[in-house]
Structure formats: C-alpha cells, structure tokens
Amino acid sequence: MDGATIDQAMMRHALVLAKRGLGRTWPNPTVGAVIWQIEGVQPIIVGRGFTQPGGRPHAETQAIAVAGEAARGASIAVTLEPCAHHGKTPPCAEAIVAAGIVRVVSALEDPDPRVKGGGHAILRNADLDVSIGVLAEEARAVNLGFLSKILDHRPLVTLKLAQTADGFAGVMGQQLMVSSSVSKQRVHLARAAHDAIMVGVGTVLADNPDLTCRLPGMMPFSPVRVVLDTHLATPIGCRLVETCDTVPTWIVTGPDTPNEKIDAFRKTGVIIERAALGKDGRIDIRDALKVLASRGLTRILSEGGPMLAEALARADVIDSAEIYTSPERLNREGIAALRPGLQAALGDASRFEVSHKVTSGRDTVVHYSRRG
Ligand SMILES: [Zn+2]
C-alpha cells in the first residue's frame, strides 16, 4: 500500500468509529481517531478511540491512552480537526504533540469558532506533518448535524413518515404507526442515532407515545423527546411528562403561554423553551430549531404527523427523509401523509434524490437525501 492509500484506509476506519457516537455526544461532534505505525510497508494500528457519550473524553485522547509509548513517531487519522481550546482537559492538539505523534491526517477543519484552524496550527507549529481533507466528503456526512449546528444554527433534521399504500397517514385523531415489527426496529435504531425525537402536540394528544428506544440493551440511548406545542396543550399526565426523569422531555411553546402553566411543567422536570410564532400562529420551525441548537442538539428525528412534516418542508430544513409505505390500503378518506409542500420538495430532483429503497418486513422504505 502506498502512503495515500494507507491514509485513506485509516481515515475510513476512524469514520466507522466516529459513527458509533452518533446521537450520544451532543453538544460535541462525534469524532474517530486511529493511530498507526508503519512496519516495513504495512500499517500496524496501535490505538483507536471515539468520542465518548456526553462528548468527553475526546477520540484523540482515548486513542493516545490506548497507544501509550507506541504513539511516539506514529501517525494519527482524525475525522475532525483536533480541538485547540482549553476546557476541562487540555486541547487534543497539544495532547497529540505531547504523545510524540509526528504525522496527522485530518478530514476537516472544525468550524467551531473556538477551533477554526487553531488545532491544525498548534500541530504545524510543533513541526508535525499535517494533511487536511482526506475523505472530507465522508467526514462531512458523519458530522452533518454538528456542522449544521455551528454553520446554520439548526440541528440536522431527519423526517420519518409512515403511510398506507393509498397515501394516508391515518384517520382524524389517530396516527398510523409503522406496521411491521422489522420497521419498528428500524425506527427504534434510528432514534438511538439522533440526539432528539421531535413531534407536534397533536401526536401526543392522539397517541400518548413513549418515544423511547426499546431495543434490547439500547434503552439508555433513548434520545431527548421534543414536543412543539404552541399553547402548551400537552396533558401533564401524559407518558412523556410522567417519564421525564428517566428520558428527558423538552417542550417548545409559544410566547403567549402563561408563566404559571410553564412553572407547573417545570416542577415535573420537563424543560420548557419558548420560540417565536410564524404567520400561521404556530411555532415557527426555524426559530424552534435555532432554540434547540442553542441547547446543544445536533441531530433531530421528526416523528410527528403530516402537519409537522409539511411545516418542516415549507421551512426547507429537511436533510433526509424516510417514507415508510405499508402494503395495506386505508380504503376510506383519511389524512394525507404527504401534503403539497412536502410532495413538491421530495419530488424536486434539484433538492432531493432517492438515495436508496429497502424492503422492511412488509413495508417499503424510500430514503431521500438533500442534495449539496
Ligand atoms: Zn479534543
């Protein structure tokens, strides 16, 4: 293997490690790091690490701890620029220098104003060999939520929507749940890879859902549950409120909700945020997402109904969509799953592409990805 091929192989490995942290490291990005030595012409991996739950320790210090003395004279691949700012621990860029690493292969500059080239500069000033941009596109895809939080002041949004074969999301007051058990597992797995699940208050009123990750061993990875609720109509006895001490529940409400009402929820442990209203008198989606990003969320899975999906489409904040279609027909008048704005967005080839289609039990799932 030549040097460039080794760099890419090590970066690919680091990216796989980074993905393990998705949904678990907010407000920090999830990063992977691999340290290797060259013996003859072969790379020998001596350390690897990824950002730990809650965002600390960082990937680089994990990998350096594993490598120990073997880090001396070694190379490191990192999926994002090593940090340069002093927090609870010294910056990773300094830790890399101190470990005696001589070469750094970095995928991306960290746009966080506290880093922004500062990490790479520390490494170069210490005479390390630094290559930037290896598998940058892949690294960007893994860190899209973090990059979006910093650059666009909103989290990444994945839309999940289920419909019958004839295009209905359910009937009034009752939302269709994905039908097959395989699809339920897919949804629960997707929950674990996001920082938060978001629904509108309509879903809470209709279904009183748990919105947790109920897969064996994965309950601790249940994300924050966010309800958009203009007038704070969420029942205080609903499951999301009752269980907020084990899985956090946040409600985003409008500016007119009385403080006394908010205080009653806060006493239960629910976190309440306010956001501005749009022209339609409902929570302004962009403002709500900005508020959620400011609280650290980087990746949101929207599991609300057609109204919320439509609002997200009209605000142009959907990054990817997973549309589940069951083989059954409703065969009567129901609530259309894809309203006009969402239909137009997903059908516009300049904005979205179908990245893949899969069979999930009896359902078909079509994945759409935003272009560019
Ligand atoms: Zn760091």
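Here the residue numbering is sequential within each chain, running from 1 through the sequence in written order. Whole-chain, interface and lining totals are the exception, using all residues; otherwise, since this is a predicted model, local features are given only for residues with pLDDT of at least 70 and side-chain atom pairs are given and counted only at 80 or more.

### Describing the overall build of the protein chain
Counted only if it meets this: Secondary structure elements are defined from DSSP: runs of H or I of at least 4 residues count as helices, runs of E of at least 2 residues count as strands, and each element is numbered from the N terminus. Comment: burial labels come from other C-beta atoms within 10 Å of the residue's own C-beta, placed from the backbone, where a count of 20 or more is buried, 12 or fewer is exposed, and between is partly exposed. We call two residues in contact when their backbone-placed C-beta atoms lie within 7 Å.
In terms of regular secondary structure, the protein chain is built from 13 helices and 17 strands. Dimensions of the protein chain, computed from the C-alpha atoms along their principal axes, are close to 70 × 45 × 40 Å. For the protein chain, with 372 residues in total, the buried portion stands at 47%. Taking the contacts inside the protein chain whose residues are at least 6 apart along the sequence as the reference set, 70% of them involve residues at least 24 apart.

### Focus on the domain arrangement of the protein chain
How we decide: An automatic or database domain assignment supplies the residue ranges for each domain.
Assigned domains of the protein chain: these are domain 1 (3–146) and domain 2 (154–370). Distance between the C-alpha centres of domain 1 and domain 2: 34 Å.

### A word on the sheet that holds strand β11 (residues 249–253)
Put simply, the rule is: At least two DSSP bridges between two strands are required for those strands to pair. Interaxial angle, 0 to 180 degrees, is taken between N-to-C directions of lines fitted to C-alpha atoms, where a helix line uses only the stretch in contact.
As summarised here, the arrangement of the 9 strands in space is β12-β11-β10-β9-β13-β6-β14-β17-β16, forming an open sheet in which the pairing is mixed. Sheet topology places β12 (271–274) and β16 (352–360) at the edges, where each strand pairs with a single neighbour. Between one strand and the next, the sheet's axes are offset by a mean angle of 20°, whatever the strand orientation. Direction of pairing for strand β9 (residues 196–200) relative to strand β10 (residues 224–228): parallel, over a ladder of 5 bridges. The residue of β10 that forms the bridge with V199 is V227.

### So, the sheet that holds strand β4 (residues 103–106)
Strand order in the open sheet made by the 5 strands is β2-β1-β3-β4-β5, with mixed pairing throughout. Of all the strands in the sheet, the pair left with one neighbour each is β2 (42–50) and β5 (129–132). Averaged over all pairs of adjacent strands, the angle between their axes in this sheet comes to 20°, without regard to strand direction. Taken together, the 8 bridges between strand β1 (residues 32–39) and β2 define a ladder with antiparallel strand orientation. Bridging from a neighbouring strand, G32 pairs with F50 of β2.

### Digging into the environment of T164
For T164, the position within the fold is in the loop between β6 (156–163) and β7 (168–171). T164 sits 173 residues away from A337 along the chain, and the two C-alpha atoms are 8.5 Å apart.

### Comments concerning the pairing of β5
A regular strand carries its side chains on alternate faces of the sheet. To keep things clear, this is the line we draw: Handedness rule for crossovers: strands pointing away from the viewer, path from the first strand over the helix to the second running clockwise, crossover right-handed.
As defined by bridge partners, β4 adjoins β5 across 4 bridges and the pair is classed as parallel. Among the inter-strand pairings, S106 is bridged to a residue of β5, identified as I132. With respect to chirality, the unit in which β4 leads through helix α4 (residues 118–125) into the neighbouring parallel β5 is right-handed.

### Topic: the nonpolar core
Put simply, the rule reads: Buried Ala, Val, Leu, Ile, Met, Phe, Trp, Tyr and Cys residues whose C-beta atoms connect them within 7 Å together make up a nonpolar core.
Within the largest apolar cluster, 56 residues are counted, with the highest numbers of intra-cluster contacts made by V226, V252, A288 and L312. The biggest single contributor to this core is helix α11 (residues 285–294), with 6 residues. Not counting residues within four places of it along the chain, the set of residues in contact with V252 comprises V226, L228, D229, E273, A275, I283, A288 and V291.

### Description of helix α13 (residues 340–347)
Two residues of an α-helix separated by three or four positions point the same way, owing to the 3.6 residues in each turn. Definition in use: Taken from the helix axis, the directions to the C-beta atoms give the arc we talk about.
Those residues of α13 not exposed but buried are L342, A345 and L346. Buried residues of α13 fall within an arc of 90° about the axis and therefore sit on the same side. Facing away from the buried side of α13 by over 90 degrees, the exposed positions are P340 and G347. Contact partners of the buried residues in α13: α12 (306–314), β14 (320–325), β16 and β17 (363–370).

### Considerations on unusual backbone geometry
Cis peptide bonds are those with omega within 30 degrees of zero, and the linkage from W26 to P27 qualifies with 5°. Assignment of secondary structure puts P27 in the loop between α1 (3–19) and β1. Look at the link from R56 to P57: it is a cis peptide, with omega at -10°. Looking at where P57 falls in the secondary structure, it is placed in the loop between β2 and α2 (59–67). A positive phi angle, near 55°, is found at D316, a position not held by glycine. Tracing the backbone shows D316 in the loop between α12 and β14. On the basis of neighbour count, D316 is assigned to the exposed category, with 12 C-beta atoms found within 10 Å. Here the phi dihedral of N331 falls at roughly 60°; this positive angle occurs in a residue that is not glycine. Structurally, N331 is set in the loop between β14 and β15 (335–336). We classify N331 as exposed; it has 10 C-beta atoms within 10 Å.

### Quick word on the environment of C238
Tracing the backbone through its elements, the reader meets C238 in the loop between β10 and α9 (239–242). For C238, a count of 18 C-beta atoms within 10 Å corresponds to the partly exposed category. Counting along the chain gives 33 residues from C238 to L205, while the straight-line C-alpha distance between them is 8.5 Å. Excluding residues that lie within four positions of it along the chain, C238 makes contacts with V204 and N208.

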